[in-house]
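Descriptive structure summary
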Amino acid sequence: MAWTRDQLAARAAKELRDGFYVNLGIGIPTLVANHIPAGVNVTLQSENGMLGMGPYPYEDEIDPDLINAGKQTISELPHSSYFSSSDSFAMIRGGHINLSILGAMEVSQNGDLANWMVPGKMVKGMGGAMDLVAGVRRCVVVMDHCSKDGRSKLLKKCELPLTGVRVVDLIITDLGVFEVDKVGNSPLRLIELADGISVEEIAAKTQADFVVDLK
Amino acid sequence: MSKIYPNAAAALAGLPQDGMTIMSGGFGLCGIPENLIVALRDSGAKNLTVISNNAGVDGFGLGLLLESKQTKKMISSYVGENKEFERQFLSGELELEFNPQGTLAERIRAGGAGIPGFYTKTGVGTLVAEGKEHKDFDGATYVLETALKADISLIKAWKADEEGNLIYRKTARNFNPMMATAGKITIVEVEEIVACGELDADNIHTPGIYVDRIVCGSFEKRIENRTIRAKEMA
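Residues numbered from 1 in each chain as written. Chains lettered and ligands numbered in written order. Predicted model: local features only at pLDDT ≥ 70, side-chain atom pairs only at ≥ 80, totals over all residues. Heavy atoms only, no water.

For the rest of this paragraph, the subject is the sheet that holds strand E3 (residues 48–51) of chain B. Residues and elements named next belong to chain B. Read across the open sheet, the 8 strands follow the order E1-E14-E12-E9-E2-E3-E4-E5; overall the sheet is parallel. Each edge of the open sheet carries a strand with a single partner, namely strand E1 (4–5) and strand E5 (95–98). Bridge analysis of strand E12 (residues 183–190) against strand E14 (residues 213–216) gives 4 bridges, and the strand direction is parallel. In the sheet register, Ile187 faces E14, and the bridge partner there is Arg213. Along the sheet face, helix H2 (residues 34–43) touches strand E2 (21–24), E3, strand E9 (150–156), E12 and E14 and points at about 125° away from the line of E12. (Pairing = 2+ DSSP bridges. Helix = DSSP H or I, 4+ residues; strand = E, 2+ residues; numbered from the N terminus. Contact = heavy atoms within 4.5 Å. Axes fitted to C-alpha atoms, helices over the stretch in contact; angles between N-to-C directions.)

Structure, rendered in structure tokens:
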């Protein structure tokens, strides 16, 4: 069985380390916050200007002045801080965020990422994605292995307009986990399989070059 | 000379002109100068270039200036919440320049700080860097981005004192502090105006030097995505 959205988020949560400052993208990455391992304390950054993002508020705590980057109402924690957008992206661009977990439309085997634009469709904008992938120390992509029409999203070379060049360190799909050599030109390394998924199935559904190095 | 005006229309009176560049603070609908946007619409100024992270929603915030066809161009990072925006853009009525959100924030900060441009790694190798100057530093490639300034900046803060010293509240701060520095004229709407001395001088977010006009308003503070958790049973 391919991993569900929650299983994907749980696998991504294993990339968290105690003391990390982390930015989570919209969609499945947001669910990672529900799977933070016991004993691991992470501080979540929201690029609209907050460190120490808390859970969704109780109904009687909703505050329109307190939202995350997905414009969802959230709550604060005792160690939270607020700052401007330029301070927020100084922290991102300056390499102070340990980890970003985000979604993707395509990833190439050298770590190029496309997740903001499909030519011919209405483009909503890149938001903070280009800044995040260029600035954070480690970038983990969480996505379905194939698009809705069955095409591999792991490619030798991205076809869609890029969000960043050689920025992705790890790809977690519903079928398995791949390490990326974003400096050299090695193929992807398949290091984990989702429960019940075979290497053969992944080979049949993957356009990118990869080697098998299961751990 | 008092900086305090009785209402948003009075605070904008005589300033908006056709073809101006306007900055408008906020992230989504959080921390937007909702009363000043209405006053700008009512001024009738046309062919505006509007710099704002987002474009409001249909019928609220910057969506109002789209409906009245006063916006010629938007400079934003994300505009996904607005059908009228999409219609005008796809029909070619509206120009759009996408900036990465951090680049947008830093271009505005640079504009207010007298820095004409800066190099950033953001966007190198993507569409947003095409045609721009590149330069290598310590083995990495960066792209030159230029400063942004505005004829008028419309700002939302929480509290002002009579001098125009400002404090913002929670994530309603966002783009407001940089935009306050980058306008030739900066107009601020707040929830409360207090006497000088009532705000802690050590905790001012925007010093009054950047603020030309202040108005106290009442706010709808519309929420885009109301997300809650259930109370645990005792």
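Here the narrative resumes.
This part takes up the pattern of salt bridges. Within the structure shown, the criterion is met by 29 salt bridges over all chains. A salt bridge links Glu191 of chain B to Lys221 of chain B; the nearest nitrogen and oxygen atoms lie 3.0 Å apart. In this pair, Glu191 of chain B is assigned in the loop between E12 and strand E13 (192–194) and Lys221 of chain B in the segment after E14, connecting sequence segments 30 residues apart. Several salt bridges converge on common partners, so that one network encompasses Asp63 and Asp65 of chain A together with Lys156, Arg169, Glu191 and Lys221 of chain B. (Salt bridge = Lys/Arg side-chain N within 4 Å of Asp/Glu carboxyl O.)

This part covers the packing of helix H3 (residues 85–93) of chain A against helix H5 (residues 101–113) of chain B. Contact geometry of H3 of chain A with H5 of chain B gives a least axis separation of 9 Å together with a crossing angle of 125°. Compared by their axis directions, H3 of chain A and H5 of chain B come out oblique. The two elements H3 of chain A and H5 of chain B cross, and the hand of that crossing is left-handed. Along its contact with H3 of chain A, which presents Ser85, Ser86, Phe89 and Arg93 of chain A, the element H5 of chain B presents Gln101, Gly102, Thr103, Ala105, Glu106 and Arg109 of chain B. Tallied by class, residues from the contact of H3 of chain A with H5 of chain B come to 2 nonpolar, 5 polar and 3 charged. (Parallel < 35°, antiparallel > 145°, perpendicular 65-115°, else oblique. Left-handed = near helix turned anticlockwise from the far one by under 90°. Nonpolar A, V, L, I, M, F, W, Y, C, P; charged D, E, K, R; others polar.)

Quick look at the sheet that holds strand E6 (residues 117–120) of chain B now. Residues and elements named next belong to chain B. If you walk across this open sheet you meet the 3 strands as E6-E8-E7, and the pairing is antiparallel. Looking at strand neighbours, the two that pair on one side only are E6 and strand E7 (134–137), the edges of this open sheet. Between one strand axis and the next, the sheet turns by 40° as a mean value, whatever way the strands run. The sheet strands contacting H5 are E6 and strand E8 (140–146), and the helix crosses E6 at an angle near 150°.

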